[in-house]
Amino acid sequence: GELCEDPPALQHNTRTQTHTQTHTTMLQRCYNNPRHTRTRAAPAARRAHRSGRRGNLPPLKAAAGCVGELCEDPWGQDEDVANGEDVDIYRDTALRYAGYANEVGESFAVFLPPFGVPLSYAVAITYVCFDSVDKGKRAQKKEFEFTQVDDDGSPALAFGSAAADAMVWQLLASVAVPGSVIHTTVAATSHLIHDTDVGSAAHATVLAQVGQDLAPALDVAEAWTPTLVGLAAIPMIVHPIDEAIHKLLNVSLRPAIRDVATLQLGDAAGAVVRAMLMASGNDDTQQEVLEDEQVLGVTVDSNDEFDVTIEPAKDVATWTTRAAILVCGASAPFGLFAISDAVFGTVH
């Protein structure tokens, strides 16, 4: 009946929404055109791009002049992000478990063929390589969002900084250190069960209790115990190792990256460092990113510009100390491998 007749106000809103969508599409095309991104935008323009001139609206919504009901994401921008368009597949999906492949391989070492454990390390390192490239791309994108400049070398520096940071962090925190810890845990457990008087006494005691008929089952249980202990140790070592590597890089690699960026870019280095830190961050690590910025001397001034308050080191002693700290930290897991094999033997 009469209710089906589209009221004039609704027709007006529909036309306005269509116009807004068309205008937004034009803005997106202009924004993505490299010919329009060769010069540095004014500070006010950069602030408008980051936060929007109408409060905290996304930049394209603010530029389109959306008000009232039209600000309720008529073109589905927020929905696209919520549906996974900007999801970090290497950190926020099941693919992240590929980084644990070597730890699982070390746990099952006794049951795997000779190439099994090396193959598990190959899987983990492949994951690390892809994740590092992804973090470089994310940092490059974020740095451009901060500065709106792409012709001063800063995007390439942001990519290289984030990729190097992610590569070193992942190789240590996800591959070398946990791999050496699980390797040692499994070897020590196996040695305790099979090669010590304590293990032999425990075996004899249990066998006397259950009888000879269950001797095969006891052998199976003893064979699986090192593997189960290794698997159980994985979730317990993740956070302590992550924290240790995080602190290691904050006094070695990251200050070096900050100083290189400052020497190359001057005042623009702050955006590169912040982009590097944010590339690997998410909602759960925002506080950690802020703390890292304080450690590295990155601040935000009254014009929403990122500054580095720490002068870059130019003396050989500082750079040598940083290198020594990083080398010692990176060598520690290999030393643990050697000690484990020397004391407990190789699990096979």
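The rules behind the values
- Residues numbered from 1 in each chain as written.
- Predicted model: local features only at pLDDT ≥ 70, side-chain atom pairs only at ≥ 80, totals over all residues.
- Heavy atoms only, no water.
- Helix = DSSP H or I, 4+ residues; strand = E, 2+ residues; numbered from the N terminus.
- Buried < 20%, exposed > 50% of the residue type's maximum accessible area, 1.4 Å probe, protein only.
- Contact = heavy atoms within 4.5 Å.
- Areas by Shrake-Rupley, 256 points an atom, 1.4 Å probe, with all protein chains shown as cover.
- Core = buried A, V, L, I, M, F, W, Y, C linked by side-chain atoms within 4.5 Å.
- Expected span 1.5 Å × (residues − 1).
- pLDDT = per-residue confidence, 0-100.
- Axes fitted to C-alpha atoms, helices over the stretch in contact; angles between N-to-C directions.
- Left-handed = near helix turned anticlockwise from the far one by under 90°.
- Nonpolar A, V, L, I, M, F, W, Y, C, P; charged D, E, K, R; others polar.
- Patch = residues over 30% accessible without salt bridge, like charges linked within 9 Å, V, L, I, M, F, W, Y side chains within 5 Å.
- Salt bridge = Lys/Arg side-chain N within 4 Å of Asp/Glu carboxyl O.
- Polar contact = N/O pair within 3.5 Å; in protein donor to acceptor, adjacent residues only side chain to side chain.
- Phe/Tyr/Trp six-rings, centres within 6.5 Å; stacked < 30°, edge-to-face > 60°.
- Lys NZ or Arg CZ within 6 Å of the ring centre and 35° of its normal.
- Bend = angle between axes of the 7 residues up to and from the residue.

A few points about the overall build of the chain
- Helix and strand content of the chain: 13 helices and 2 strands.
- When the 348 residues of the chain are sorted by exposure, 39% land in the buried category.
- Pairs at least 24 residues apart make up 73% of the contacts formed inside the chain by residues separated by at least 6 positions.
- For the chain, the exposed surface amounts to about 19200 Å²; the carbon and sulfur share of it is 61%.

Observations concerning the nonpolar core
- Within the largest apolar cluster, 41 residues are counted, with the highest numbers of intra-cluster contacts made by Ile-182, Ile-241, Ile-245, Val-273, Met-276 and Leu-277.
- Element by element, the count of residues in this core is highest for helix α7 (residues 154-194), at 9 residues.
- Residues Leu-265, Ala-268, Ala-269 and Val-272 belong to the second largest nonpolar core, which totals 6 residues.

Points about helix α8 (residues 197-210)
- Look at α8: 20 Å from first C-alpha to last across 14 residues, which is about the 20 Å you get at 1.5 Å a residue.
- Immediately beyond the C-terminal end of α8, within one or two residues, lies Gly-211, with a positive phi of roughly 95 degrees.

Let's talk about the confidence of the model for the chain
- The pLDDT averaged across the chain works out to 79; a share of 73% of its residues lies at or above 70.
- Segment residues 8-20 is flagged for pLDDT under 50; beyond a separation of four residues in sequence, or across chains, it makes 8 contacts in the model.
- In the predicted structure, residues 22-84 sits below a pLDDT of 50 and forms 82 contacts with residues beyond four places in sequence or in another chain.

Remarks on the packing of helix α11 (residues 269-279) against helix α12 (residues 286-296)
- α12 packs onto α11 with a crossing angle of 145 degrees between their chain directions and a minimal axis gap of 10 Å. Here α11 and α12 pass one another in a crossing that is right-handed. Here Val-273, Arg-274, Leu-277 and Met-278 of α11 come into contact with α12, specifically with Val-289, Leu-290, Asp-292, Glu-293 and Leu-296.
- Split into classes, the residues belonging to the contact of α11 with α12 amount to 6 nonpolar, no polar and 3 charged.

Observations concerning a nonpolar patch on the surface
- A contiguous nonpolar surface patch, about 430 Å² in accessible area, is contributed by Val-110, Phe-111, Val-220, Trp-224 and Leu-228.
- Mapped onto the elements, Trp-224 comes out in helix α9 (residues 215-250).
- Classification of Trp-224 as partly exposed rests on a relative accessible area of 36%.

Quick notes on the side chain of Arg-254
- Position of Arg-254 among the secondary structure elements: in helix α10 (residues 253-265).
- What makes Arg-254 buried here is its relative accessible area of 5%.
- One polar contact links Arg-254 to Asp-165, side chain to side chain, over a distance of 2.7 Å.
- Excluding anything up to four places from it in sequence, Arg-254 contacts Asp-165, Trp-169, His-246, Leu-249, Met-276, Leu-277, Asp-292 and Leu-296.

Regarding the pattern of salt bridges
- Tallied over the entire structure, the rule returns 9 salt bridges.
- Via salt bridges that share partners, Asp-88, Arg-91, Asp-131, Asp-134, Lys-135 and Arg-138 belong to a single interconnected network.

Comments concerning the packing of aromatic side chains
- This model, assessed by the stated rule, comprises 4 aromatic pairs.
- Between Phe-108 and Trp-224, the aromatic rings sit 6.0 Å apart at their centres with planes inclined by 85 degrees, giving edge-to-face as the arrangement. Taken together, the positions of Phe-108 in the loop between α5 (101-107) and α6 (116-147) and Trp-224 in helix α9 put the pair 116 residues apart, joining distant regions of the chain.
- According to the relative accessible area criterion, Phe-108 is partly exposed, its value standing at 24%.
- A connected cluster of aromatic rings, assembled from ring pairs, spans Phe-108, Phe-111 and Trp-224.
- In this structure, Arg-322 is placed above the aromatic ring of Trp-319, and the distance from its NZ or CZ to the ring centre is 5.2 Å.

Some points on helix α13 (residues 316-344)
- The terminal C-alpha atoms of α13, which comprises 29 residues, lie 41 Å apart, in line with the 42 Å expected from a rise of 1.5 Å per residue.
- Bending of α13 peaks at approximately 30 degrees at the position of Ala-332, with proline Pro-333 no more than four residues after it.
- Inspection of α13 places Arg-322, Gly-329, Pro-333, Phe-337 and Ser-340 among the buried residues, and these make up the whole buried set.
- Where α13 is buried, its residues contact α5, α6, α7, α9 and α10.
- Backbone geometry just after α13 places Gly-345 at a positive phi near 85 degrees.

Section: the side chain of Arg-322
- With respect to the secondary-structure elements, Arg-322 resides in helix α13.
- Sequence-distant contacts of Arg-322, defined by excluding residues within four places in its chain, comprise Val-251, Ser-252, Pro-255, Ala-256, Arg-258, Asp-259 and Ala-313.

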